[in-house]
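Summary of the model geometry
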Amino acid sequence: MILEKLKKVISNNEYDAILLSGMENPKAAKNLYYVTKYTGSYGFAIIGESFQYFLSDFRYRDQVKTEVPDFTFVEIEGSLLNAIESVIKKESILKLGFDQKIRFSEYDMYRKLSCELVSLDNTIENIRISKDENEIKLLKKACQITDEALEYVLDFLQPGMIERDVEILLKNKMIDLGADSTWERFIVASGERGAMPHGMASDKAIKSGELVTFDIGCFYKGYSSDMTRTVAMGEVSQELKNIYSIVLEAQTRGVKAAKAGITGKELDSVCRDYITKAGYGEYFKHGTGHGLGLDVHEAPRVSQANDKPLEVGACITIEPGIYITGLGGVRIEEDVILTKDSCIILNEFPKELITINKN
Ligand SMILES: [Mn+2]
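Residues numbered from 1 in each chain as written. Predicted model: local features only at pLDDT ≥ 70, side-chain atom pairs only at ≥ 80, totals over all residues. Heavy atoms only, no water.

As a further point, take the sheet that holds strand E11 (residues 223–224). Here three strands make up an open sheet; going across it, the order is E7-E10-E11 and the pairing antiparallel. Two strands in the sheet have a free side with no partner beyond their single neighbour: strand E7 (181–182) and E11. (Pairing = 2+ DSSP bridges. Helix = DSSP H or I, 4+ residues; strand = E, 2+ residues; numbered from the N terminus.)

The following block contains the structure:
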């Protein structure tokens, strides 16, 4: 259980308790959600080895009691600082760990507390890396919705459609299929725009003879999917086809090599070395992948910057790409869960080049 894991970490650290805050910063709010499953927009948790408190105001009183029943509820009346201070006094907290993702203004307020503040660094983020069975189910469902939405939209994709309109169709379909929400922006990058790894859907019309890269995702009960596919609108040049097969082979090799124990750097090298040998190394400038969960990008990194072994249960993306200014780009991305000997692929959408032939 997450709370037990966290308490073990607290007992092994220099702080007596930690403060998680769901105020203002959505990244910090995800840490609070991860530990408590509280879905309100105002709340704070103070957790020590032998106690856990949840602070909020009258608006969320009933919600806290339903969603966070194992926590002692402290109703904030007036000053937030006084409410936190009351717990600090009661539990004799001398050192309080705080989430490094809170805003400076919030930190500045906590500095007035009577205890010492210690940064949690990435304590919660590190616990979040390895997903449990329930989290894997939710990630899988987010991926299924994403697969199905892309399949649905590709069915009537045709030359002349505007990237932004395709984005809207995809988002609506995901919501239809049960997603809580979708990413704010999708990448729909056709033709030369495909050379921008993060080419957000624009007013450009998709033309015949172009590759179109979709990088899309939605949230299901808080957990995100992240899938990229590149498709051909009509016949594309031999060069684009070659690039596609190189990226596909690199990505497939990455998935084959993915397992717990390999380092982020080694896994990145599997994809990168293949693309480099094929002569396109200079056109693959980003890392091979990243962790995925409550956040679209979270720990661990799958890149040359991570020489730590990847953990069992980590959900990571594998997404090599080639981007050539003036020509276009290809990226293929899957989300996988690492196991001891291999990985479980969460997406079922095919990876072979799909050519859409409509006129
Ligand atoms: Mn990604």
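To continue, consider the pattern of salt bridges. Following the criterion strictly, the structure yields 25 salt bridges and no others. The residue Glu 319 makes a salt bridge to Arg 331 at a minimum N-O spacing of 3.6 Å. Taken as a pair, Glu 319 in the loop between strand E15 (315–318) and strand E16 (321–324) and Arg 331 in strand E17 (residues 328–331) lie far apart in primary sequence, twelve residues in all. Note on accessibility: Glu 319 and Arg 331 belong to one class, buried. Connected through shared salt-bridge partners, Lys 27, Lys 30, Arg 128, Lys 131, Asp 295 and Glu 298 make up one network. (Salt bridge = Lys/Arg side-chain N within 4 Å of Asp/Glu carboxyl O. Buried < 20%, exposed > 50% of the residue type's maximum accessible area, 1.4 Å probe, protein only.)

Protein-derived ligands of the manganese ion are Asp 226 (OD), His 290 (NE2), Glu 319 (OE) and Glu 333 (OE), with the metal-ligand distances lying across 2.1 to 2.4 Å. Along the chain, the residues donating to the manganese ion fall in the pattern D-x63-H-x28-E-x13-E. Of the two residues, Asp 226 sits in the loop between E11 and strand E12 (227–233) while Glu 319 sits in the loop between E15 and E16, which places them 93 residues apart along the sequence. (Donors = N, O, S within 2.8 Å, 3.2 Å for Na, K, Ca; no water.)

Its location among the elements puts Thr 317 in strand E15. A relative accessible area of 0% means that Thr 317 is categorised as buried. When the C-alpha positions of Thr 317 and Val 296 are compared, they lie 9.9 Å apart, and in sequence the two are 21 residues distant. With sequence-adjacent residues up to four places away left out, Thr 317 is seen in contact with Asp 226, Thr 288, Gly 289, His 290, Leu 292, Val 302, Glu 333, Glu 334 and Asp 335. Looking at Thr 317, its side chain comes within polar contact range of the side chain of Glu 319, at 2.9 Å. (Contact = heavy atoms within 4.5 Å. Polar contact = N/O pair within 3.5 Å; in protein donor to acceptor, adjacent residues only side chain to side chain.)

These results come straight from atomic positions and should not be treated as a statement about function.
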